[in-house]
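As a plain string of letters, each chain reads:
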Amino acid sequence: MDLRTRKIYRALIAACQQLLTEKPFEKITVAELCTRAQTRRATFYKHFADKYDFLAFMITTIRAEIINETVPQGASPVAYYHALVDSGLAFVENHRALLLALDSSPAATGVILTLSEHPGKSGDKQVRAILPPGMRDELAVQFLTGALNQCIRWWLHHPQMSKAEIQKRLYQLCDQFLTGTR
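Residues numbered from 1 in each chain as written. Predicted model: local features only at pLDDT ≥ 70, side-chain atom pairs only at ≥ 80, totals over all residues. Heavy atoms only, no water.

## Focus: the pattern of salt bridges
And step 1. Tallied over the full model, the rule gives 3 salt bridges.
And step 2. One salt bridge in this structure joins Lys-163 and Glu-93, with 3.1 Å as the shortest N-O distance. In this pair, Lys-163 is assigned in helix 10 (residues 163–179) and Glu-93 in helix 5 (residues 77–94), connecting sequence segments 70 residues apart.
And step 3. Classification of Glu-93 by relative accessible area gives partly exposed; the value is 43%. (Salt bridge = Lys/Arg side-chain N within 4 Å of Asp/Glu carboxyl O. Helix = DSSP H or I, 4+ residues; strand = E, 2+ residues; numbered from the N terminus. Buried < 20%, exposed > 50% of the residue type's maximum accessible area, 1.4 Å probe, protein only.)

Here is the structure:
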């Protein structure tokens, strides 16, 4: 991807994140998004079919950046999941308002759920590769990633549990699932 395209994507993502703190996703228009990002509508439509296509791209991009920045290459399954826990909790901690805005939007929730059903888009190939050989089936991947996502989403709405408490408990659960120890 060329530098100009990366700049456009970054500007659109930043603009969308700002707008989501101001209003629900359903009320955001492509025109507003482009104005805030200082991008032409024609440029937007060159890259995306509509705002829902863009939202899917934004979520996928943010997920990939989090994983690429925080998960060590060649990590053991346990280290990989600990890094996912850490990055997921840090993202919620740093972007709680944005995530609450997305989570309260039926359209955004639908896009997020659709993304989780497409393994190639949600990083499941990476997950499958690091799991122990007997656990690389689709059900194990969906169970572990879905459970982790749901626990982090739960914490988004229940911040009374400290980050350290939920981190410790999620570490324990991942360790138990991956190693079979109690």
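## Here's the deal with the nonpolar core
And step 1. Grouped together as the largest cluster of nonpolar side chains are 48 residues, with contacts concentrated most on Leu-12, Leu-20, Leu-33, Phe-44, Phe-54, Met-58 and Tyr-81.
And step 2. Secondary structure elements with two or more residues in this core: helix 1 (3–20), helix 2 (30–37), helix 4 (51–70), helix 5, helix 6 (96–103), helix 9 (138–157) and helix 10.
And step 3. No other element matches helix 1, which puts 8 residues into this core.
And step 4. Ignoring anything within four residues of it in the chain, the contact list for Met-58 reads Ile-13, Cys-16, Gln-17 and Leu-20. (Core = buried A, V, L, I, M, F, W, Y, C linked by side-chain atoms within 4.5 Å. Contact = heavy atoms within 4.5 Å.)

## What to know about unusual backbone geometry
Backbone geometry follows two general trends: most residues other than glycine have a negative phi, and most peptide bonds adopt the trans configuration.
And step 1. Phi at Gln-38 is positive, roughly 55 degrees, even though this residue is not glycine.
And step 2. A residue is classified by how much of its surface remains accessible, and Gln-38, at 75% relative accessible area, is exposed.

## Some remarks on helix 1
And step 1. In this model helix 1 runs 26 Å from its N-terminal to its C-terminal C-alpha over 18 residues, within 8% of the 26 Å that 1.5 Å per residue would give.
And step 2. Where helix 1 is concerned, the buried positions are Thr-5, Ile-8, Tyr-9, Leu-12, Ile-13, Ala-15, Cys-16, Leu-19 and Leu-20. Seen from one end, helix 1 has its buried residues packed into an arc of 165 degrees, which puts them on one side.
And step 3. Close packing links the buried residues of helix 1 with helix 2, helix 3 (41–47), helix 4 and helix 6. (Expected span 1.5 Å × (residues − 1). Arc of directions from axis to C-beta.)

## Quick notes on helix 5
And step 1. Across its 18 residues, helix 5 extends 26 Å between first and last C-alpha, which sits within 8% of the 26 Å expected from 1.5 Å per residue.
And step 2. Within the span of helix 5, buried status applies to Pro-77, Tyr-80, Tyr-81, His-82, Ala-83, Leu-84, Val-85, Ser-87, Gly-88, Leu-89, Phe-91 and Val-92.

## What about the packing of aromatic side chains?
And step 1. Tallied over the full model, the rule gives 11 aromatic pairs.
And step 2. Seen in terms of ring centroids, Phe-44 and Phe-54 are 6.0 Å apart; in terms of plane orientation they differ by 55 degrees. Their pairing is tilted. With Phe-44 in helix 3 and Phe-54 in helix 4, the pair connects residues that are 10 residues apart, well separated along the chain.
And step 3. Between Phe-54 and Phe-57, the ring centres sit 6.5 Å apart and the planes meet at 35 degrees, which makes this aromatic pair tilted. Of this pair, Phe-54 and Phe-57 both sit in helix 4, separated by 3 residues, roughly a single helical turn. (Phe/Tyr/Trp six-rings, centres within 6.5 Å; stacked < 30°, edge-to-face > 60°.)

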